[in-house]
Amino acid sequence: MNLSILIPLLNEEESLKELYSWIIKVMQSNNYSYEIIFVDDGSTDDSWNIIESFSNENPNVKGIRFMKNFGKSQALHAGFAKAQGDVIITMDADLQDSPDEIPGLYEMITAQKFDLVSGWKKKRYDSVVAKNLPSKLFNWAARKTSGVELNDFNCGLKAYKNTVVKNIEVSGEMHRYIPVLAKNAGFNKIGEKVVIHQAHSEKDQCTYLEQWVL
């Protein structure tokens, strides 16, 4: 299987159908073999019912549902354990990450032989005070302390070789430091790709026990 698309989410009923259709279009136009793994962290809206409908119509769609919020790290950990693709792409569910970036990320892993590629939202549409400045400070500190030269550690849009996600342990708030975890596990070819930041209404991806698996 070429790709596993892993999507953690919380209360994203308004964006899921558009995101799903967009991903399917990219998969079909590139003739990828794929799976889409949605990890629902206990949404109180109609998100899980929508995911079930995707799974009923498309056997490539899988879902994991959590009973309550346990953190994005736990969501990614559950998805990484389930993922079977040669390349795993993580992305947020709120349409701020563009599925059109998937082929470029996939090519960097498969052809350019990167172990991990992190998206870099060089031009952002977030609030400067609320998002941009804290993010820049965090990224500066992460570079200094880890030696991993990335501009945007926080970007949810990332690509991994399958062997990377099977050899790292993501817990607590460590989803922010996955490139560092990968480096510490011996995966040294870590790259970065400038990606489009889709302007969208902001919603915090909150905190993830597994309840149902499709």
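Each chain carries its own residue numbering, running from 1 in the written order of its sequence. Residues qualify for local features only when their pLDDT is at least 70, as the model is predicted, and side-chain atom pairs are given and counted only at 80 or more; totals for whole chains, interfaces and linings, by contrast, use all residues. No hydrogens and no water enter the side-chain calculation; it runs on all heavy atoms of the structure.

### Notes on the pairing of strand 3 (residues 61-66)
1) Next: Here the term buried applies to any residue with accessible area under 20% of the maximum for its type, exposed to any over 50%, and partly exposed to those in between, with areas from a 1.4 Å probe on protein chains only. The secondary structure listing takes helices from DSSP runs of H or I that are at least 4 residues long and strands from runs of E that are at least 2 residues long, numbered from the N terminus. Most of strand 3 is tucked away: 6 of the 6 residues are buried.
2) Next: Both faces of strand 3 are covered, namely the face carrying Val-61, Gly-63 and Arg-65 and the face carrying Lys-62, Ile-64 and Phe-66.
3) Next: Strands qualify as paired when DSSP identifies two bridges or more between them. In the sheet, strand 2 (residues 34-40) pairs with strand 3 via 5 bridges, with the strands oriented parallel. Paired with Ile-37 across the strands is Lys-62, a residue of strand 3.
4) Next: Between strand 2 and its parallel partner strand 3, the chain crosses via helix 2 (residues 47-57), and the hand of that crossover is right-handed. Classification remark: right-handed applies to a crossover when, strands pointing away from the viewer, the course from the first strand over the helix to the second runs clockwise.

### Quick notes on the confidence of the model for the protein chain
1) Next: Looking at the protein chain as a whole, its pLDDT mean stands at 87, while 82% of the residues score no less than 70.
2) Next: pLDDT expresses how confident the predictor is about each individual residue, on a scale running from 0 to 100. Here, residues are in contact when the closest pair of their heavy atoms is within 4.5 Å. The model gives residues 201-211 a pLDDT under 50, and that stretch makes 51 contacts with residues more than four places away or in other chains.

### Observations regarding the nonpolar core
1) Next: Core analysis: the largest hydrophobic core is formed by 37 residues, its most contacted members being Leu-3, Ile-5 and Ile-36.
2) Next: The element that contributes the greatest number of residues to this core is helix 1 (residues 13-29), accounting for 8 residues.
3) Next: The contacts of Ile-5, once residues within four sequence positions are left out, are Ile-23, Met-27, Glu-35, Ile-36, Ile-37, Ile-89, Met-91 and Ile-102.
4) Next: Think of a nonpolar core as a cluster: buried Ala, Val, Leu, Ile, Met, Phe, Trp, Tyr and Cys residues, connected wherever their side-chain atoms sit within 4.5 Å. By size, the runner-up hydrophobic cluster in this structure holds 21 residues, among which are Ile-37, Ile-178, Leu-181 and Ala-182.

### Observations concerning the side chain of Asp-92
1) Next: When you line up the elements, Asp-92 lands in the loop between strand 4 (87-90) and helix 4 (102-110).
2) Next: Distance and chemistry together define a polar contact, namely a pair of N or O atoms within 3.5 Å, with one atom able to donate a hydrogen and the other to accept it when in protein, and with adjacent residues in sequence counting only for side-chain atoms on both sides. Within the local environment of Asp-92, its side chain forms a polar contact with the side chain of Lys-72, the two groups lying 2.8 Å apart.

### Observations regarding the pairing of strand 4
1) Next: Burial along strand 4 is two-sided: the face carrying Val-87 and Ile-89 and the face carrying Ile-88 and Thr-90 are both buried.
2) Next: Taken together, the 4 bridges between strand 1 (residues 3-9) and strand 4 define a ladder with parallel strand orientation. In the strand pairing of strand 4, Ile-5 is matched with Ile-89.
3) Next: The sheet contact formed by strand 4 and strand 6 (residues 158-161) spans 4 bridges and is antiparallel. Along strand 6, the bridge assignment pairs Ile-89 with Ala-159.

### A few points about the environment of Trp-120
1) Next: Considering the arrangement of structural elements, one finds Trp-120 in strand 5 (residues 116-120).
2) Next: On the accessibility criterion, Trp-120 (21% relative accessible area) is partly exposed.
3) Next: When the C-alpha atoms of Trp-120 and Gly-156 are compared, they prove to be 9.5 Å apart, with 36 residues separating the residues in sequence.
4) Next: Excluding anything up to four places from it in sequence, Trp-120 contacts Asn-151, Asp-152, Glu-192, Lys-193, Val-194 and Val-195.

### A word on the packing of helix 1 against helix 2
1) Next: Where helix 1 contacts helix 2, the axes come no closer than 9 Å and their chain directions differ by 20 degrees. With respect to their mutual orientation, helix 1 and helix 2 come out roughly parallel. Of the two elements, helix 1 crosses helix 2, and the hand of that crossing is right-handed. Counting all contacts with helix 1, which are made through Glu-13, Leu-16, Lys-17 and Tyr-20, the residues of helix 2 involved are Ser-47, Ile-50, Ile-51, Phe-54 and Glu-57. To obtain an axis, a line is fitted to C-alpha atoms, over the contacting stretch when the element is a helix, and the angle between two such axes runs from 0 to 180 degrees between their N-to-C directions. Roughly parallel means an angle under 35 degrees; roughly antiparallel, over 145; roughly perpendicular, 65 to 115; everything else is oblique. Whether a crossing is left-handed or right-handed is set by the direction in which the near helix is turned from the far one by less than a right angle, anticlockwise for left-handed and clockwise for right-handed.

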